[in-house]
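Listed below are the residues making up each chain.
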Amino acid sequence: MLMEYHVQSMHYLLCSSKTAFCHESFYIFLLCLLENPTRQETEDLTNLWHTGLFNANYECQRFVVDDNRAIFLLKDGSMAWEIKDYLVLQDRCLEVNIEQQIFYGKASPSYEAQKESKKPDIVGKEELAKKTKSKDKDEAKHKKKNDSKMLDLDQLQEEMNELEEELERLKYQSNKAEETLNVIMENSEEEEKQKRIEDLKDKRSKDKDGVEVLKKSEKEKIIKAGKETENLSKISQEHKDKQQLVERLKKEAEEREALIKLATEQKLETDRRKEMVEKIKDKEEL
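All values derive from a computational prediction rather than experimental measurement.

Rules used throughout
- Residues numbered from 1 in each chain as written.
- Predicted model: local features only at pLDDT ≥ 70, side-chain atom pairs only at ≥ 80, totals over all residues.
- Heavy atoms only, no water.
- Helix = DSSP H or I, 4+ residues; strand = E, 2+ residues; numbered from the N terminus.
- Buried < 20%, exposed > 50% of the residue type's maximum accessible area, 1.4 Å probe, protein only.
- Contact = heavy atoms within 4.5 Å.
- Areas by Shrake-Rupley, 256 points an atom, 1.4 Å probe, with all protein chains shown as cover.
- Phe/Tyr/Trp six-rings, centres within 6.5 Å; stacked < 30°, edge-to-face > 60°.
- Lys NZ or Arg CZ within 6 Å of the ring centre and 35° of its normal.
- Core = buried A, V, L, I, M, F, W, Y, C linked by side-chain atoms within 4.5 Å.
- Pairing = 2+ DSSP bridges.
- Salt bridge = Lys/Arg side-chain N within 4 Å of Asp/Glu carboxyl O.
- pLDDT = per-residue confidence, 0-100.
- Expected span 1.5 Å × (residues − 1).
- Axes fitted to C-alpha atoms, helices over the stretch in contact; angles between N-to-C directions.
- Parallel < 35°, antiparallel > 145°, perpendicular 65-115°, else oblique.
- Left-handed = near helix turned anticlockwise from the far one by under 90°.
- Nonpolar A, V, L, I, M, F, W, Y, C, P; charged D, E, K, R; others polar.

Q: Could you give me a rundown of the overall build of the chain, with the residues and numbers involved?
A: When its secondary structure is counted, the chain shows six helices and five strands. Mapped in sequence order, the helices and strands of the chain form the string α-β-α-β-β-α-β-β-α-α-α. Out of the 286 residues belonging to the chain, those deemed buried represent 23%. Sequence-distant contacts in the chain: of pairs separated by 6 or more residues, those separated by 24 or more amount to 53%. Entry remark: accessible area of the chain is about 22,000 Å², with carbon and sulfur atoms responsible for 54%.

Listed below in structure tokens is the structure:
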């Protein structure tokens, strides 16, 4: 009972520590499957598990690294043990490795022994494997197998370290690529802004030229209208002068006509007087 409480407390402390650093990358290292699966089978099966976790609102990434191995990458490490509980119940899961703690799946012969002990295999696979094997086997054989498994575990640890380094390198390259992309985007935005400014300047210059052309055209129209107005004024003045001349000529013609009439009347009067004088003379002569 005390051991079970101790194991649960350790799990709780690990979950709490990972919750406090939820942005830390956290790895689940899976050894699957039974019966020497092909890489495609591993892809299909781990994809099925990944889909089940996604549907249960567990966010993680999946990477198949070998024919029977895959890595599950989580952003929130506190969910690792919940995901582990799901994975070890899968029929073809051999084992789950969390921070060098091994949890055996249903496909492993050590699953039941570990389930009874209720604690992970921290040292390596050999400890629980020895408990499940027969005590009658030769100790030298056990040691040889255990040494071989320790080497396998060391190799797996080295591979996991290499994968971590590779992931760090990929993260570094991704950050560099993102920085380069941001610089390119900034340069592109700056070039586009400069181009827009140049376009606006060209447009303003064209508009200015257009305004100047319009001003010039309006000025020419105003000058032309002024000339036409001046011409009309001259024509109007000439028309007025002609009218005045006609009036003056008409008036002179009337005056001449009046003079002619007066002269005619005077001549008639003179002729009449002459006739009267002649009549008077004729009477005197008689």
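Structure shown, so let's carry the discussion forward.
Q: For the packing of aromatic side chains, give the residues involved together with the corresponding values.
A: The full count for this structure, using the stated rule, is zero aromatic pairs. Positioned over the ring face of F103 is K84, at 4.3 Å from the centre of the ring.

Q: I'd love a proper account of the nonpolar core, names of residues and values included.
A: Counting residues in each nonpolar core, the largest one holds 17 residues, and the members touching the most others are L53, I83, V96, I98 and F103. Put simply, the parts of the chain that give this core at least two residues each are α2 (39-55), β3 (69-74), α3 (80-87) and β4 (93-98).

Q: Talk me through the pairing of strand β2 (residues 60-66); I want residue IDs and the actual numbers.
A: Here six bridges tie β2 to β3, and the two strands are oriented antiparallel to one another. Paired with F63 across the two strands is I71, which belongs to β3. Here β2 folds back onto β3 in antiparallel fashion, the turn holding two residues.

Q: Just give me the short version of the pattern of salt bridges, but keep the residues and values in it.
A: Tallied over the entire structure, the rule returns eight salt bridges. For R248, the salt bridge identified is with E252, shortest N-O distance 3.2 Å. With a gap of four residues between them, R248 and E252 both fall in helix α6 (residues 139-285), about one helical turn apart. Of the residues examined, R248 reaches a relative accessible area of 44% and is grouped as partly exposed. We note a salt bridge from R273 to E269, for which the minimum N-O separation is 3.5 Å. Of this pair, R273 and E269 both sit in helix α6, separated by four residues, roughly a single helical turn. Its relative accessible area of 29% is what places E269 among the partly exposed residues.

Q: Before we move on, can you summarise the confidence of the model for the chain with the specific residues and values?
A: Per-residue confidence for the chain averages 78 on the pLDDT scale, and 78% of its residues sit at or above 70. Mean pLDDT across the elements of the chain ranges from a minimum in helix α1 (residues 2-20), with 45, to a maximum in α2, with 90. A low-confidence stretch, residues 1-10 stays under pLDDT 50, and its non-local contacts, those more than four residues away or across chains, total four contacts. Contacts from residues 18-25, a stretch scored under 50 in pLDDT, to residues over four places away or in other chains number 16 contacts.

Q: Account for α2, naming residues and giving values.
A: For α2, built from 17 residues, the straight-helix expectation of 24 Å at 1.5 Å per residue is met to within 8% by its first-to-last C-alpha distance of 24 Å. With its phi angle positive at about 70 degrees, N57 sits one or two positions after the end of α2.

Q: An account of the pairing of strand β5 (residues 101-104) is requested, with residue identities and associated values reported.
A: With burial as the criterion, each face of β5 is covered, one bearing Q101 and F103 and the other bearing I102 and Y104. Here four bridges tie β4 to β5, and the two strands are oriented antiparallel to one another. By the bridge assignment, V96 is partnered in β5 with F103. Connecting β4 to the next strand, β5, in antiparallel fashion are two residues, including E99 with a positive phi near 50 degrees.

Q: Tell me about unusual backbone geometry, and please be specific about residues and values.
A: Look at N57: it is not a glycine, yet its phi comes out positive at around 70 degrees. Judged by relative accessible area, which is 65%, N57 ranks as exposed.

Q: Which residues make up the packing of α2 against α3, and what values go with them?
A: Interhelical geometry of α2 versus α3 gives an angle of 130 degrees and a closest axis separation of 11 Å. Judged by the angle between their axes, α2 and α3 are oblique. Between α2 and α3 lies a crossing of right-handed hand. Between α2 and α3, the contacting residues are W49, G52 and L53 on the first element and I83, Y86 and L87 on the second. The residue makeup of the contact of α2 with α3, split by class, is five nonpolar, one polar and no charged.

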